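Structural description and commentary
As a plain string of letters, each chain reads:
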Amino acid sequence: FVGALVAWEWHWRAFGAEPSIRNSEGLWAEQRRRIDRGEGDALVIAGSSRVLFGLQLPAWERVMGRRPIQLALEGSSPMPVVEGLADDPDFVGDLIIGVTPGLFFSGRVLRDDALRRYANETPTQRAGQWLSQHLLEPWWAAYDKDFALLTVLARQRWPQRAAVPTMPEVRKLSVMDGERNTRMWAPVIDNPDYREIVRRTWLQNLGRPPPGGPQAALARQQTQIDRAVAAVDKLRARGARLVFVRMPSSGPLLDGERRNLPRESTWNVLLERTGLPGIHFEDHPALQGFDLPEYSHLSPSEADRFTAAIAPLVEAALAAQSRK
């Protein structure tokens, strides 16, 4: 067993794996509890993977002098997190809400398990999170869901029935630290074959009609905007300050977002209905021209540069709002 474990670790380190903190439900709950423990006036980031990868906490602190709390959840609309903060009287701080069009305006939530963990975490789960985070994760590179034996077996090229389509799965994309500061994993940048797998994953749904047809999609957009309006009203009434941020995308992914979710019927309506400021990367020359290896997320060096460029814009938009 020990020999097999060492061989497995060696194999994934040779592929480019490195020890990092797992993006677990317990880690998210730990960061969320910081608000309950006296940091209710902090700057908080809610959103999806684009703000998770693209807004770097150390770079923000270097530029603006304060370090945000990172509560973004990949593959998920930020609205459940925003609504949770709206219902939490402890939160009276500043909130950045990342808007990834395909997630925000559909209401899709992939990581609701993290919210449930925060609400219902047991002492045993907290102890398990601490032991894993401090004794295993800093040293064991293969301790990642993407490297699990059953996961690797499941994605082999097994015979497929013609009537059952196969879709690329979301593979490992990032490394994370104990504050959930997240950076793109090196093979996504350096390994062309691996990068192409990630690109195909993002592009697989662009040509498909929305579930239920166009009218159902419009109804979902309206519902999500209504949710945002209600949550924003609660937060502003308590003195919180908020700003929406549209992070960069590129290539065919950006083309598809422009075509399927045009700004005129989504982003612009969201800002008008909520009355909040919004920072869209296409509106600011300083936020354009960055490298996104797989069309959707910034590479580590670019994320540092982007954070340094957007942080003053965000802080200015927040400062322009009066606290009640």
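Within every chain, residues take consecutive numbers counted from 1 along the sequence as written. Totals for whole chains, interfaces and linings use every residue, but because this is a predicted model, local features are given only for residues with pLDDT of at least 70 and side-chain atom pairs only at 80 or more, for both listing and counting. Each side-chain value is derived from all of the structure's non-hydrogen atoms; neither hydrogens nor water enter the calculation.

The next thing to look at is the overall build of the chain. Think of it this way: any DSSP run of H or I at least four residues long counts as a helix, any run of E at least two long counts as a strand, and we number them from the N terminus. When you go through the chain residue by residue, the secondary structure sums to 15 helices and seven strands. Against the 2.2 N^0.38 benchmark of 20 Å for 324 residues, the chain shows a C-alpha radius of gyration of 20 Å, consistent with a compact globule. Out of the 324 residues in the chain, the part that is buried amounts to 48%. Contacts: residue pairs with any heavy atoms within 4.5 Å of one another. By sequence separation, contacts in the chain at least 24 residues apart represent 80% of the contacts at least 6 residues apart. If you sum the accessible surface of the chain, you get close to 15400 Å²; carbon and sulfur atoms cover 57% of it. For the radius of gyration, the atom set is restricted to C-alpha positions; the globular benchmark scales as 2.2 Å times the number of residues to the power 0.38. A 1.4 Å probe rolled over the protein chains alone gives each residue an accessible area, and that area as a share of the maximum for its type sets the label: buried under 20%, exposed over 50%, partly exposed in between. Computed by Shrake-Rupley with a 1.4 Å probe, the accessible areas treat only the displayed protein chains as cover when residues are assessed.

Whenever a helix is involved, its axis is fitted only over the stretch in contact; in every case the axis is a line through C-alpha atoms, and angles between N-to-C directions fall within 0 to 180 degrees. At a closest axis distance of 10 Å, the pairing of helix H2 (residues 25–36) and helix H8 (residues 123–136) adopts a crossing angle of 105°. Taken together, the axis directions place H2 and H8 in an arrangement best described as roughly perpendicular. Packed against H2, whose contacting residues are Gly26, Leu27, Glu30 and Arg33, the element H8 presents Arg126, Gln129 and Gln133 at the interface. Counted by class, the contact of H2 with H8 contains one nonpolar, three polar and three charged residues. Working rule for angles: under 35 degrees goes down as roughly parallel, over 145 as roughly antiparallel, 65 to 115 as roughly perpendicular, anything else as oblique. Nonpolar residues are Ala, Val, Leu, Ile, Met, Phe, Trp, Tyr, Cys and Pro. Charged residues are Asp, Glu, Lys and Arg, and all others, Gly as well, are polar.

A pair of packed helices can be characterised by two numbers: the angle between their axes and the separation between those axes. Orientation of H2 relative to helix H7 (residues 112–120), taken along the N-to-C sense of each, is 55°, at an axis distance of 8 Å. The angle between H2 and H7 places the two elements in the oblique class. Viewed along their axes, H2 and H7 form a crossing whose handedness is right-handed. In this structure, H2 contributes Glu25, Gly26, Trp28, Ala29, Arg32, Arg33 and Asp36 to the contact, and H7 contributes Asp113, Ala114, Leu115, Arg117 and Tyr118. Of the residues that constitute the contact of H2 with H7, the class distribution is five nonpolar, one polar and six charged. Definitions for this section: a left-handed crossing has its near helix turned counterclockwise from the far helix by less than a right angle. A right-handed crossing has that turn clockwise.

It is worth spelling out the packing of aromatic side chains at this point. By convention, a stacked pair of Phe, Tyr or Trp rings (six-membered ring in the case of Trp) has centres within 6.5 Å and planes under 30 degrees apart, an edge-to-face pair has planes over 60 apart, and any other such pair is tilted. Inspection of the entire model under this criterion finds 12 aromatic pairs. A centroid spacing of 5.9 Å and a plane angle of 70° characterise the contact between Phe15 and Tyr194, whose relative ring orientation is edge-to-face. Of this pair, Phe15 sits in helix H1 (residues 2–15) while Tyr194 sits in helix H11 (residues 192–203), and the two are 179 residues apart along the sequence. You can call Phe15 partly exposed: its relative accessible area is 32%.

It is worth spelling out the pairing of strand E3 (residues 94–98) at this point. Within E3, five of the five residues are buried, which leaves it mostly tucked inside the rest of the structure. Burial along E3 is two-sided: Asp94, Ile96 and Gly98 and Leu95 and Ile97, pointing in opposite directions, are all buried. Where strand E1 (residues 43–46) and E3 come together, four bridges link them in parallel fashion. Within E3, the residue paired with Ile45 across the bridge is Ile96. Strand pairing is assigned whenever DSSP identifies at least 2 bridges connecting the two strands.

A few words on a nonpolar patch on the surface. On the surface, a cluster of nonpolar side chains totalling about 450 Å² of accessible area is made up of Phe1, Val2, Leu5 and Val6. Here Phe1 is to be found in the segment before H1. Only residues whose relative accessible area exceeds 30% and that form no salt bridge are eligible for patches; like-charged ones are grouped when within 9 Å, while nonpolar side chains (Val, Leu, Ile, Met, Phe, Trp, Tyr) are grouped when within 5 Å. A side-chain nitrogen of Lys or Arg and a carboxyl oxygen of Asp or Glu constitute a salt bridge if their distance falls within 4 Å.

This brings us to the nonpolar core. Buried Ala, Val, Leu, Ile, Met, Phe, Trp, Tyr and Cys residues that are joined via side-chain atoms within 4.5 Å together make up what is termed a nonpolar core. Counting 43 residues, the largest nonpolar core has Leu55, Trp60, Ile96, Phe306, Ile310 and Val314 as its most contacted members. Breaking this core down by element, the ones donating at least two residues are E1, helix H3 (49–54), helix H4 (57–64), strand E4 (174–176), H11, strand E6 (241–246) and helix H15 (300–319). With seven residues, H15 is the single largest residue contributor to this core. Not counting residues within four places of it along the chain, the set of residues in contact with Phe306 comprises Gly54, Leu55, Met247, Pro248, Leu287, Phe290 and Leu298. Core analysis: the second largest hydrophobic core is formed by 34 residues, Leu85, Leu95, Ala228 and Trp267 among them.

Another point: the pattern of salt bridges. Tallying each qualifying case throughout the model produces 30 salt bridges. Across the pair Glu315 and Arg66 runs a salt bridge, and its minimum N-O distance is 2.7 Å. With a gap of 249 residues between them, Glu315 in helix H15 and Arg66 in the loop between H4 and strand E2 (69–70) connect regions that are remote in the sequence. Residue classification places Arg66 among the partly exposed residues on the basis of a relative accessible area of 24%. Taking the shortest distance from any N to any O, the salt bridge between Glu121 and Arg126 comes out at 3.6 Å. Taken together, the shared-partner salt bridges connect Arg34, Glu39, Glu61, Arg67 and Glu179 into one network.

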